[in-house]
Amino acid sequence: MNNNNQKISLTIDGVEVQGKPGQTILEAAEAAAVYIPRLCWMKNLTAAGSCRVCSVRANGRVQSACTQPIGPGMVVENDTEELRELRRNLIDMLFVEGNHFCMFCEKSGECELQALAYRFGITAPKYPFMFPQRDLDASHPEILVDRNRCILCGRCVRASQELDGKHVFGFVGRGTTKRLAVNAPDNLAQTDAEADDQAVAACPTGSLLVKRVGYAVPVGQRKFDHSPIGSEIENSDVQD
Ligand code: FES
């Protein structure tokens, strides 16, 4: 019978790792100080498995590491050229599908999409820009919604429900017209959103921003200015 003290042995890129029952590949890897890139996954939120940036090969099949549970003897490939190329393509597509002008964005240096592009050596997308027309919602006195930078990861949607106990954000539309919506007839100011909601902090890009704090930390001193995304995991201690 499984219990939480039991260990599950698996390998990640040929290195043996000990996981716990119920862990996903991403969680077991992180506990073993192995970074698997991710965007829609966030600690303490239900995994959505939507962005596929965390794709690994598990026993030969491509799976999202944030949703696939570990199993005994599982062979996981993570840092291979095939998977790096897959992730580069996904990140590339996210850039061209929105309007991401990093040099003008308050989140620059703290944006996970930008940091992933740096980590994967993407300097210019290889696909044509789509330049979609997207709405901006500056109605709220303290929060800005810029849909140009939204990658539809759904972290704000889940954080609002699961952490804030609200339902401020959701999605409407399908395909290329899918967009972030707010739970009010017109705009964010009509909702119960507050600047310290975890939903706002959950945004990995500059799509949800607290107003008037954008440049409090100067460029050059921001989270990813000195160390690449994922290095905090790679430099962490292996957990028991
Ligand atoms: Fe796993 Fe997005 S982080 S699918």
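Here, every reference points to the structure presented above.
Keep in mind that what you see is a predicted model, and the values were worked out from it rather than measured.

What counts, and at which threshold
- One numbering rule holds for all chains: residues counted from 1, following each sequence as written.
- Local features in a predicted model are, by the rule used here, given only for residues with pLDDT of at least 70; side-chain atom pairs are given and counted only at 80 or more, and totals for whole chains, interfaces and linings are based on all residues.
- As a convention, hydrogens and water are excluded, and side-chain values are obtained from all of the structure's heavy atoms.
- Side-chain atoms within 4.5 Å link the members of a nonpolar core, which is a set of buried Ala, Val, Leu, Ile, Met, Phe, Trp, Tyr and Cys residues.
- Summary of the burial criterion: residues with accessible area below 20% of their type's maximum are buried, those above 50% are exposed, and those between are partly exposed, where the area comes from a 1.4 Å probe applied to protein chains only.
- By definition, any uninterrupted DSSP run of H or I lasting at least four residues is a helix, any uninterrupted run of E lasting at least two residues is a strand, and each is numbered from the N terminus.
- By the convention used here, residues are in contact when the closest approach between their heavy atoms is within 4.5 Å.
- When DSSP finds at least two bridges between two strands, those strands are taken to pair.
- Axes here mean lines fitted to C-alpha atoms, for a helix over just the part in contact, with angles spanning 0 to 180 degrees between N-to-C directions.
- Here a Phe, Tyr or Trp ring, Trp counted by its six-membered ring, pairs with any other such ring whose centre lies within 6.5 Å, and the pair is stacked when the planes are under 30 degrees apart, edge-to-face when over 60, and tilted otherwise.
- Should the NZ of a Lys or the CZ of an Arg lie within 6 Å of a ring centre and within 35 degrees of the ring normal, that charge is described as sitting over the ring.

(A) Broad picture of the nonpolar core. With 21 residues, the main nonpolar core has Leu39, Val53, Ile91, Leu113, Leu116, Ile151 and Ile229 as its most contacted residues. Breaking this core down by element, the ones donating at least two residues are helix 2 (81-97) and helix 3 (112-119). Setting aside residues up to four positions removed in sequence, leucine 39 forms contacts with Cys51, Val53, Leu94, Glu112, Leu113, Leu116, Ile151, Cys153, Arg155 and Pro204. In terms of nonpolar packing, the next biggest core, distinct from the first, is built from 20 residues, Met42, Cys150, Ala159 and Val168 among them.

(B) Seen up close, the sheet that holds strand 2 (residues 15-19). The strand order across the open sheet formed by 5 strands is 2-1-5-3-4, and the pairing between neighbours is mixed. Here the strands that pair on one side only, and so sit at the sheet edges, are strand 2 and strand 4 (61-64). Taking the axes of each pair of neighbouring strands and ignoring which way they run, one obtains an average angle of 35° across the sheet. As judged from the 2 bridges shared by strand 3 (residues 55-58) and strand 5 (residues 75-77), these two strands associate in the antiparallel manner. Bridge pairing links arginine 57 to glutamate 77 in strand 5. Set on the sheet, helix 2 makes contact with strand 3 and strand 5; between it and strand 3 the angle comes to about 150°.

(C) Structural context of the side chain of threonine 24. Mapping threonine 24 onto the fold places it in the loop between strand 2 and helix 1 (25-31). Among the residues examined, threonine 24 registers a relative accessible area of 11% and is labelled buried. Each residue touching threonine 24, except ones within four places of it in the same chain, is listed here: Ala65, Cys66, Thr67, Gln68, Pro69 and Ile70.

(D) Inspection of the pairing of strand 7 (residues 143-146) at higher detail. Burial along strand 7 is two-sided: the face carrying Ile143 and Val145 and the face carrying Leu144 and Asp146 are both buried. As paired elements, strand 6 (residues 136-137) and strand 7 share 2 bridges and run antiparallel to each other. Each residue of the ladder has a partner; that of aspartate 137, found in strand 7, is valine 145. In this antiparallel pair of consecutive strands, strand 6 and strand 7, the connection spans 5 residues. When strand 7 meets strand 10 (residues 208-210), the two strands line up antiparallel, connected through 3 bridges. The partner of valine 145 across the bridge, within strand 10, is leucine 208.

(E) Main features of the packing of aromatic side chains. Summed over the entire model, instances satisfying the criterion amount to 1 aromatic pair. Judged by centre distance (5.4 Å) and plane angle (20°), the rings of phenylalanine 129 and phenylalanine 131 are stacked. Note that lysine 178 overlies the ring of phenylalanine 171, its terminal NZ or CZ placed 4.6 Å from the centroid.

(F) Seen up close, unusual backbone geometry. If you check the backbone angles, alanine 33 has positive phi at about 65° while not being a glycine. Mapped onto the elements of the fold, alanine 33 is located in the loop between helix 1 and strand 3. The phi dihedral of arginine 52 falls on the positive side, at around 70°, and the residue is not glycine. Residue placement: arginine 52 occurs in the loop between helix 1 and strand 3. Given the relative accessible area of 38%, arginine 52 is considered partly exposed.

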